[in-house]
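Coordinates in review
This is what each chain is made of:
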Amino acid sequence: MLIMRISKFLSAYAIILLTLAANLFAKENEVQEQDYFQANPIIAEINGKIIRFEDLRDKAAQDAAQALYDQLARLLPNLVLNELAKSDAEIDPNPQFTISDDMVTLFYKQNRLENRGSIDDLKPQIRDYLANQLKQESVYRQYNEALSKGLVKSYLQAPSEFLLETNVGQGYIRGNKEAKVIVLEYSDYQCPFCARVQPTLTELIKEYGSRVAFGYRHFPLPFHKEADEAAIAVECARDQGKFETLHVLLFKNQKNQFVEDLIGYADEIGLENVDQYEKCIVEEKYRSRVLEDMKAGQEAGVTGTPGFLIGTFDPKSGRVRGELLSGARPLQDFKKALEKYLDRQS
């Protein structure tokens, strides 16, 4: 009888130990999973509701998350190769390359660097640049091979795409008004960076005008005192089909946008009814439209000018859903974003 009781006790004890061990193992796995890099980590918990990064993020938070990912993606391959090289002589974490004069000359000519200096002056910089490019290519090639062979596992995750929504409203549209992709600009006629990006937009319209809509909404900044009057004047010129003509003229005359200047542009842009245009400006007929544009821009995340929403476009509803580019960005930044959305439509 005693032996049976001891046996039952030991059996129960064993079950308890197994249960505890299973719980500990599960918790250990849970901790390990939580230790992995998370692109969408838990930020808070409210009354049992989990709040994650994607529930909280705004444009600034998304940019910070993307910058973190980009930096880690640059650092990780070098760390991996340095570790693997300790046990694998074939791996070279610091490859060196010799750059010939012919390679330097070819790069100099292909990139049309004559205006930057002579080839002799630029040769050291070009040589260093090309050597670094080849080194990075080698590092990434070796890193990808290590991934494919299972020598390393990467838990690095890019943040998910962050899209903003707005509406084109009564914004002026150039290009293809029925396009499924749009560049929606928010600008200020007295903003120097807005003026600087206009040639880039003109080039984009030439290249993509048949496939992309190019919208414009007003976003006059408070410290540009005449910018809101300029925006109203453009809308008044729009009544007579001269929006684009005055639009271009104002970006070229950013210091001459007082009311008398704006009225004086009537003849230069070829308005038929000057009195109507002048009355429209003086009575601020389109003040509410400008304010609507500003409100829509602020709600979409625009904080300065120029700001561009690039993404999908529903011509019927005017709905725009895409990403925000801020500032006078280079042509390639716009093209990269446009090609992404155009590819999704094909």
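Because the structure is predicted, anything quoted here is derived from the model rather than measured.

The subject of this paragraph is the pairing of strand 6 (residues 213-218). In terms of residue burial, strand 6 counts as a mostly covered element, since 6 of its 6 residues are buried. Where burial is concerned, the two faces of strand 6 agree: the one with Ala 213, Gly 215 and Arg 217 and the one with Phe 214, Tyr 216 and His 218 are both buried. Relative to strand 6, strand 5 (residues 181-187) runs parallel, the two sharing 6 bridges. When the sheet's bridge partners are listed, Ser 187 is paired in strand 6 with His 218. With helix 6 (residues 192-208) bridging strand 5 and the parallel strand 6, this β-α-β connection has right-handed handedness.

Next up on the list: the side chain of Gln 257. With respect to the secondary-structure elements, Gln 257 resides in the loop between helix 8 (243-252) and helix 9 (259-268). Of note is the side chain of Gln 257, whose polar atom sits 3.0 Å from the backbone oxygen of Leu 250. Setting aside residues up to four positions removed in sequence, Gln 257 forms contacts with Tyr 189, Gln 190, Glu 226, Ala 227, Ala 230, Leu 250 and Leu 262.

Right, let's talk about the packing of aromatic side chains for a bit. Each aromatic ring pair is described using two quantities: the centre-to-centre distance and the angle formed by the ring planes. Scanning the entire structure with this criterion turns up 8 aromatic pairs. With a centroid separation of 6.2 Å and 85 degrees between ring planes, the pair formed by Tyr 186 and Phe 219 is classed as edge-to-face. With a gap of 33 residues between them, Tyr 186 in strand 5 and Phe 219 in the loop between strand 6 and helix 7 (227-238) connect regions that are remote in the sequence. For Phe 219, a relative accessible area of 5% puts it in the buried group. Summarising the aromatic geometry, the rings of Tyr 216 and Phe 243 are spaced 6.1 Å apart at their centres and angled 70 degrees between planes, so their arrangement reads as edge-to-face.

Moving on, we come to the side chain of Arg 57. You can see Arg 57 is positioned in the loop between helix 2 (53-56) and helix 3 (59-84). Look at Arg 57: it is buried, it has no salt bridge, and the nearest opposite charge is Glu 54 at 4.5 Å. Separated by 3.4 Å, the side chain of Arg 57 and the backbone oxygen of Glu 161 make a polar contact. With near-sequence residues (within four places) excluded, Arg 57 lies in contact with Gln 62, Ser 160, Glu 161 and Phe 162.

As a further point, take the nonpolar core. One finds Tyr 189, Cys 236, Leu 246, Leu 250, Leu 262, Tyr 277 and Ile 281 to be the most contacted residues of the largest nonpolar core, which totals 29 residues. Counting residues per element, the ones that place at least two in this core are helix 7, helix 8, helix 9, helix 10 (274-282) and helix 11 (287-300). In this structure Leu 246 touches Ala 233, Val 234, Ala 237, Tyr 265, Ile 269 and Tyr 277, once residues within four positions along its chain are discounted. Listed in part, the 18 residues of the second largest apolar core include Leu 184, Ala 213, Leu 221 and Leu 309.

Our focus in this paragraph is the packing of helix 3 against helix 5 (residues 119-148). Direction vectors running N to C along helix 3 and helix 5 enclose 70 degrees, while the axes themselves pass 9 Å from each other. Between helix 3 and helix 5, the angle falls in the class roughly perpendicular. Counted together, Ala 73, Arg 74, Leu 76, Pro 77, Asn 78, Val 80, Leu 81 and Leu 84 of helix 3 and Val 139, Tyr 140, Gln 142, Tyr 143 and Ala 146 of helix 5 form the full contact between these two elements. The residue inventory of the contact of helix 3 with helix 5, partitioned by class, reads 10 nonpolar, 2 polar and 1 charged.

Another point: the environment of Val 302. Relative to the helices and strands, Val 302 is located in the loop between helix 11 and strand 7 (307-314). Taking the C-alpha atoms as reference points, Val 302 and Ser 326, 24 residues apart in sequence, are found 7.9 Å from one another. In this structure Val 302 touches Tyr 186, Phe 219, Gly 297, Leu 309 and Leu 324, once residues within four positions along its chain are discounted.

The rules we used
Residue positions within a chain follow its written sequence, with the count starting from 1. Reporting in this predicted model follows two pLDDT cut-offs: at least 70 for local features of residues, and 80 or more for side-chain atom pairs to be given and counted; totals over whole chains, interfaces and linings ignore these cut-offs and use all residues. As a convention, hydrogens and water are excluded, and side-chain values are obtained from all of the structure's heavy atoms. Three exposure classes are used, based on accessible area relative to the maximum for each residue type with a 1.4 Å probe and protein chains only: buried under 20%, partly exposed in between, and exposed over 50%. By definition, any uninterrupted DSSP run of H or I lasting at least four residues is a helix, any uninterrupted run of E lasting at least two residues is a strand, and each is numbered from the N terminus. Pairing between two strands requires that DSSP report at least two bridges joining them. Orienting the strands away from the viewer, one traces the path from the first strand over the helix to the second; a clockwise path indicates a right-handed crossover. Here a polar contact means two N or O atoms within 3.5 Å. Within protein one must be a hydrogen donor candidate and the other an acceptor candidate, and residues neighboring in sequence count only if both atoms are side-chain atoms. Throughout, a residue-residue contact means that at least one pair of heavy atoms, one from each residue, lies within 4.5 Å. Aromatic rings from Phe, Tyr and Trp, taking only the six-membered ring of Trp, are treated as a pair when their centres fall within 6.5 Å; an angle between ring planes under 30 degrees marks them as stacked, one over 60 as edge-to-face, and anything in between as tilted. For the purpose of counting charges, residues Lys and Arg are taken to be positive, whereas Asp and Glu are taken to be negative. His and the chain ends are not included. The salt bridge criterion pairs a side-chain nitrogen of Lys or Arg with a carboxyl oxygen of Asp or Glu, the two atoms within 4 Å. Grouping buried Ala, Val, Leu, Ile, Met, Phe, Trp, Tyr and Cys residues that are joined through side-chain atoms within 4.5 Å yields what is termed a nonpolar core. Angular values range over 0 to 180 degrees, each being the angle between N-to-C directions of two axes fitted as lines to C-alpha atoms, with helices fitted over their stretch in contact. Any angle that is under 35 degrees is reported as roughly parallel, and any over 145 degrees as roughly antiparallel; angles of 65 to 115 degrees are reported as roughly perpendicular and all others as oblique. For this classification, the nonpolar set comprises Ala, Val, Leu, Ile, Met, Phe, Trp, Tyr, Cys and Pro, the charged set comprises Asp, Glu, Lys and Arg, and every other residue, Gly included, is treated as polar.

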